[in-house]
Amino acid sequence: MGKKQKVILPPDLPPEISDDEIEVSDEDLQFVKDNRDYAGFVSRLDTQSITKHVTRVADVNEDALEAIYEKRLKKKSALQKENEEKNKVHVDPVDALPVKTLDGKLYYRTVAKTSKGEDGNEAGEDEKDGDVDKSLVKFTKAEKRAKVKKSRKEAKKLGKEVDQPEEAEQAPQAAVLAEVKEDLTAEEAFESKKCKLAELGIALLSNPEANITSLKEILQIAKDDNPSISKLGLLSLLAVFKDIIPGYRIRLPTEKEQEMKVSKEVKKMRFYESTLLSGYKAYLQRLLGAEKKPLFQQVVVRCICNLLDAVPHFNCRESLLEVVVRNLGSPDDVVRKLCCSTVRSLFTNEGKHGGEATVEAVRLIAAHVKANNCQLHPDFIEVLMSLTFDEDLRKPKAAPEVDNKVKYKKFYKRKIPEEPSQQQENKRKMSKKELMSKTREEVAADYKAVSFAPDVEEKRRMQSETLSAVFETYFRVLKQTMLSTAASSEAVTGSNTSASDPHPLLAPCLNGLGKFSHLIDLDYIGDLMNYLKKIAGGGSSYDSSSRKHVEHLTVSERLRCCIVAFKVMRNNLDALNVDLQDFFVQLYNLILEYRPGRDQGEVLVEALKIMLCDDRQHDMQKAAAFVKRLATFSLSICSAEAMAALVTLKNLLMRNVKCRNLLENDAGGGSVSGSISIYHPYATDPNLSGALASVLWELNLLSKHYHPSISTMIASISGMNTANNQVYHAILSPQQAFTDLSLERETFQPKSDIRKLNSKRKRGSESSTLSGIDLSSDTSIDENEVSKKLTKHFIILRDIKENERLRGELDRTTLSLQLYEEYKKQKKAGEPKAKRKRAKIVD
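Residues numbered from 1 in each chain as written. Predicted model: local features only at pLDDT ≥ 70, side-chain atom pairs only at ≥ 80, totals over all residues. Heavy atoms only, no water.

The name given to the chain in an unreviewed UniProt entry is Nucleolar complex protein 3 homolog, with the source organism recorded as Acer negundo. For the record of the chain, the UniProt heading Subcellular location (unreviewed entry) holds the text "Nucleus, Nucleolus". Under the heading Sequence similarities (unreviewed entry), UniProt records this for the chain: "Belongs to the CBF/MAK21 family." (UniProt positions renumbered as here; feature names shortened; annotations may be inferred.)

Laid out in structure tokens, this is it:
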């Protein structure tokens, strides 16, 4: 027989204790509350797998197992009996009589011990688990706590052994699956809402009156938490409203009108209009609420601009205009361009709204300029350049002509007395006439209400209001510029540097004044000219105080003031008598202050054309001063500006014949015709410069200019004759010359001779090696050393020139001395001949 096989039995289950008998302390409860996250796995334990019995052991006989189970059952039954005897309570002999058996022994009756829980129910009944009976056992508090702790430890061990590996494997997979499910659900929701928006929109566009209630559903989708869905909802509503909004302004019925009995069609139309208007207002509230959010700003502004451009006649136009005008100076370029294009469209397409939106927009712009103290983006005023005004409306209305025959008849009827019957007939006729006149007035009013023809009086009123608001804005900008420049000049008095205040609205303001100068009232032109003089630089003296005043403005802004003054003068030539000499002085001084990279060349060229080329006649001294100043300006400026200046110079020489004396090479030039015999190049007044006493030596240098166009222009100017009968036709204007050369500048390449360049390089390399400076090397050059060598070089050149001058003077003095000595010799040789002749005559 082999060895007896060892049997491995399953572990015994812990004794079951009722929940009522378990006592938990406050410390245990607090510990569980504090560590609730750690004890979360208990809720996920599989109690069935833990409590089930092992019914079979591998490689073991079933007879042996049955014997073992019978032994266990006997032990448990014995223990149960002992526990029942222990739980029994013996009755006190005093309280109960004993019982005597046949053997003669006495014993007292016993009663099973009962224990009541908190609910008052008796706990002590037998409980069965499967086929085994469990006896009730009485435990102390310490034993109960020990058993509870032991059961908890065993449960934790089993939970860790079973749940931890499964949870470790399932945790990452569950997280990934949850994310994928969320993404799928979000995409499905997005697609479903998109389809819903498309269905509702198509239904509304196909039959608006029947499906007008769908607006609420689209509005509800537009309020979704997802930004993409909300944007789609707003854009869908934009497309719907642009299509279904009627061509008139909706007026809701009053209470009296609602009480009246109307047909079904009228009720249906009223319901449709009220629902449409309420949905439109809710849509606008949604847009205005989302405008301040950066994520929705561009979409909201696009919707508002499209609505205002498409339906400017509809309700709630004021709120749309307020948003658009407020965003004219937005830092976002996209938003600002959208708003500017919308306002320009309103100004140019007044047939959509009858001009009312134009008046409201101009008033809002004026209010914003006033509220922000003229510190706004230039586009706020730049959009006003798109305004158009009908000049025929400004003309006074002609009085109706009265026929003389009608006057005579009325006078004749008054003189002749009428009979009573005739008087009644006349009264009857007058009553008929009054009735007819009233009927005609009513018909005219109804026709005017339904006709599309604009009312002349209403249009004249709106145009006058628009003009007053525009010029109010322009004058406010000019006044604010004067005040700010004066305050800044006082603040920096006594200091060399000055921080100029920005004037962003001045340039568009001056452009607008130049465009609408013919519409300005004559009563305000005098004040306007004074403002322009002060802004351009003050009086004709051009002293230090006026210079401090204009240091805070750019050259382009001051030139614009001169241009506007000439435009105003030219458009109101018959009614004005203003001296423009101060503006010529400013132009004469601003020509040399111009810098190509800093200032605008277009403004300078426009000033030259308007002030010098288009003017009919100039004073001779002033014309000569500008000719000399323009020639000096052409030497140190770019090709485009130089060409414009030379075209202006040629125009001045063609109109002023005496100024052609500047082309002569005689000493003094045209000093014979001028009152000032010496040329003062630094004079601030062109009339006091004495330019007629100079010569245009600058043309000789400009004839060697690298640009062929300029050298050709110099050749044509130099070939002009001083004869009075010659006529020259100006073909090219300064503006055209400037634009041509500015466009050609990008592709122009100056010609160069390769041989000359090679020889120059060789000479340069030899001179650099002789001077000890290797220019081809990459080493840094000492500027101080180079400046010293250059100063020595120029000192030597100056000494050589001085020596040449002295040698020339010495040669001239020696020559004069020699001539003088010869003269003396001849004189001495001639004296004796004269004495002999005298003696002969005497004899």
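Draft legend 1. Representation of the packing of helix α8 (residues 264-290) against helix α9 (residues 297-310) in the model. Between α8 and α9, the least distance of the axes is 9 Å, while the angle of their chain directions is 140°. Overall, the two elements α8 and α9 adopt an arrangement that is oblique. Both α8 and α9 take part in a crossing whose hand is left-handed. In this structure, α8 contributes Tyr280, Tyr283, Leu284, Leu287 and Ala290 to the contact, and α9 contributes Gln297, Val300, Cys303, Ile304 and Leu307. Here the residues of the contact of α8 with α9 sort into 9 nonpolar, 1 polar and no charged. (Axes fitted to C-alpha atoms, helices over the stretch in contact; angles between N-to-C directions. Helix = DSSP H or I, 4+ residues; strand = E, 2+ residues; numbered from the N terminus. Parallel < 35°, antiparallel > 145°, perpendicular 65-115°, else oblique. Left-handed = near helix turned anticlockwise from the far one by under 90°. Contact = heavy atoms within 4.5 Å. Nonpolar A, V, L, I, M, F, W, Y, C, P; charged D, E, K, R; others polar.)

Draft legend 2. Fine view of the side chain of Ser330. As for its placement among the helices and strands, Ser330 is situated in the loop between α10 (317-326) and α11 (333-348). Excluding residues that lie within four positions of it along the chain, Ser330 makes contacts with Gln297, Val335 and Arg336.

Draft legend 3. Just the pattern of salt bridges, in detail. For the structure shown, the criterion picks out 24 salt bridges. With its nearest N and O atoms 2.2 Å apart, the salt bridge here joins Arg461 to Glu458. With a gap of 3 residues between them, Arg461 and Glu458 both fall in helix α16 (residues 456-491), about one helical turn apart. (Salt bridge = Lys/Arg side-chain N within 4 Å of Asp/Glu carboxyl O.)

Draft legend 4. Molecular detail of the side chain of Glu273. Considering the arrangement of structural elements, one finds Glu273 in helix α8. Arg270 provides the closest opposite charge to the buried, salt-bridge-free Glu273, at an N-O distance of 7.1 Å. Setting aside its immediate chain neighbours within four residues, Glu273 contacts Tyr248 and Ile250. (Buried < 20%, exposed > 50% of the residue type's maximum accessible area, 1.4 Å probe, protein only. Lys, Arg positive; Asp, Glu negative; His and termini not counted.)

Draft legend 5. Geometry of the confidence of the model for the chain. Per-residue confidence for the chain gives a mean pLDDT of 75, with 65% of residues at or over 70. Taken as a whole, residues 753-757 scores under 50 in pLDDT and shows 1 contact with residues more than four places along the chain or in a different chain. Scored below 50 in pLDDT, residues 764-779 makes 6 contacts in the model with residues more than four places away or belonging to other chains. (pLDDT = per-residue confidence, 0-100.)

Draft legend 6. Structural view of empty space enclosed by the protein. Taken as a whole, this structure holds 3 cavities of 30 Å³ or more when the rule is applied. The calculated volume of the largest cavity comes to roughly 60 Å³. Considering the residues around the largest cavity, the lining is formed by Cys374, Gln375, Val477, Gln480, Thr481, Ser484, Pro502, His503, Pro504, Leu505 and Leu506. The biggest single contributor to the lining of the largest cavity is α16, with 4 residues. Among the residues making up the lining of the largest cavity, the classes are represented as 6 nonpolar, 5 polar and no charged. (1 Å grid on protein atoms, 1.4 Å probe; cavity = no way out; pocket = protein on both sides within 12 Å on 5 of 7 lines; lining within 4 Å. Points joined across faces, edges and corners; volume = space filled by probe spheres on them.)

Draft legend 7. Inspection of the nonpolar core at higher detail. Formed by 151 residues in total, the largest nonpolar core has its most connected members in Tyr283, Leu307 and Leu513. Tallying contributions element by element places helix α24 (residues 639-655) first for this core, with 11 residues. The contact partners of Tyr283, leaving out residues within four places of it in the chain, are Leu219, Leu234, Leu237, Leu238, Phe241, Cys303 and Leu307. (Core = buried A, V, L, I, M, F, W, Y, C linked by side-chain atoms within 4.5 Å.)

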